[in-house]
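# Descriptive analysis of the structure
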Amino acid sequence: MKSIVILISGRGSNMQAILEADLPVRVAAVISNKPDAAGLEIARRHGVPTQVVNHRDYDDREAFDKALAAGIDTFSPDLVVLAGFMRILTTGFVHDYNGRLINIHPSLLPAFSGLNTHVRALAEGVKIHGCTAHFVTPSLDKGPIISQAAVPVLPGDTEDTLAERVLEQEHIIYPQAIRWFAEGRLSITRNGNVILQNQKSAEIALRSPWEAQ
Ligand code: GAR
């Protein structure tokens, strides 16, 4: 069975969705860069080993990433899963985990990379928003897209209501992306697109909840 290490910085709801999704993977550890991340307690309750690599203990990004990699490598995971991990990783780190490092981002990339995605989506007046599961490459929030989910932006939406609608979809598509990885069904083409091998007719890498109803 493939093993994964999950990196978090805070609440850990995506991590929790992964832990509770009954995936064909062993979650070897959860590592946080923040000692007070609420997700650490959730991981412990699920019997998953936890580790803290506090970014404040290191002088620069290189030193932090080196310590983080050392922590991850004790578990020799097949896949490293960023789940609300709010640190920018160095190019060297990303290269070392090339093809086995994934992220969930709260927008339909390439729109709204970076922070405050929901506020920016509301400010732009977009009518469709969503989330993206993707492989990580050195440029921020770029990288081969595994799957996306779209949600409507509704009249009267606030940052919180929109975030909640998107998060519900994150909790569906991210575990599914990990399942596809674990099943060995994800491959990346030369031009950096992801192909889902043996796609079943019910499986589609773009989820739109209002169509599914
Ligand atoms: C999630 O919405 C995730 O997509 C986002 O942070 C939140 C973490 O929530 N990630 C990013 O913005 C990464 N750039 P969680 O800790 O409850 O999973």
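Residues numbered from 1 in each chain as written. Predicted model: local features only at pLDDT ≥ 70, side-chain atom pairs only at ≥ 80, totals over all residues. Heavy atoms only, no water.

## A short note on the site of the ligand
Every residue near the ligand is listed here: Arg11, Gly12, Ser13, Asn14, Gly84, Met86, Ile104, His105, Pro106, Leu167 and Glu170. Gly12 has a polar backbone atom sitting 2.8 Å from an oxygen atom of the ligand. Between the ligand and the protein, one listed contact pairs an oxygen atom with a backbone N or O atom of Asn14 at 2.9 Å. Looking at the shell around the ligand, the elements with two or more residues in it are α1 (13-19), β5 (101-105) and α6 (159-182). Across the shell around the ligand, the residue classes break down as 4 nonpolar, 5 polar and 2 charged. (Near = heavy atom within 4 Å. Polar contact = N/O pair within 3.5 Å; in protein donor to acceptor, adjacent residues only side chain to side chain. Helix = DSSP H or I, 4+ residues; strand = E, 2+ residues; numbered from the N terminus. Nonpolar A, V, L, I, M, F, W, Y, C, P; charged D, E, K, R; others polar.)

## A word on a negative patch on the surface
On the surface, a cluster of negative charge is contributed by Glu159, Asp160, Glu164 and Glu168. On the secondary structure map, Glu168 appears in helix α6. (Patch = residues over 30% accessible without salt bridge, like charges linked within 9 Å, V, L, I, M, F, W, Y side chains within 5 Å. Areas by Shrake-Rupley, 256 points an atom, 1.4 Å probe, with all protein chains shown as cover. Salt bridge = Lys/Arg side-chain N within 4 Å of Asp/Glu carboxyl O. Lys, Arg positive; Asp, Glu negative; His and termini not counted. Charge placed at Lys NZ, Arg CZ, Asp CG, Glu CD.)

## Quick look at the sheet that holds strand β6 (residues 128-135)
If you trace the 8 strands from one edge of the open sheet to the other, you get β3-β2-β1-β4-β5-β6-β7-β10, paired in mixed fashion. Where the open sheet ends on each side, the last strands, each with one partner, are β3 (50-52) and β10 (206-207). Bridging between strand β2 (residues 25-32) and β3 involves 3 bridges; their strand directions are parallel. Of the residues in β3, the one forming a bridge with Ser32 is Val52. Contacting β1 (2-8), β2, β4 (79-82), β5, β6, β7 (145-152) and β10, α6 runs over the sheet at an angle of about 155° to β7. (Pairing = 2+ DSSP bridges. Contact = heavy atoms within 4.5 Å. Axes fitted to C-alpha atoms, helices over the stretch in contact; angles between N-to-C directions.)

## Some words on the packing of aromatic side chains
A full pass over the atoms with the stated rule returns 2 aromatic pairs. With a centroid separation of 4.7 Å and 40° between ring planes, the pair formed by Phe93 and Tyr97 is classed as tilted. Take Phe93: its relative accessible area is 3%, and that puts it in the buried class. Its end group placed over the ring of Phe64, Arg87 keeps NZ or CZ at 5.7 Å from the ring centre. (Phe/Tyr/Trp six-rings, centres within 6.5 Å; stacked < 30°, edge-to-face > 60°. Buried < 20%, exposed > 50% of the residue type's maximum accessible area, 1.4 Å probe, protein only. Lys NZ or Arg CZ within 6 Å of the ring centre and 35° of its normal.)

## Here's the deal with the packing of helix α5 (residues 117-124) against α6
Where α5 contacts α6, the two axes come as close as 9 Å, and the packing angle between them is 115°. Considering the angle they form, α5 stands roughly perpendicular to α6. Crossing of α5 over α6 shows right-handed handedness. For the pair formed by α5 and α6, the contact residues are His118, Val119, Ala121 and Leu122 on the first element and Glu159, Leu162, Ala163 and Val166 on the second. A breakdown of the residues in the contact of α5 with α6 according to their chemical character gives 6 nonpolar, 1 polar and 1 charged. (Parallel < 35°, antiparallel > 145°, perpendicular 65-115°, else oblique. Left-handed = near helix turned anticlockwise from the far one by under 90°.)

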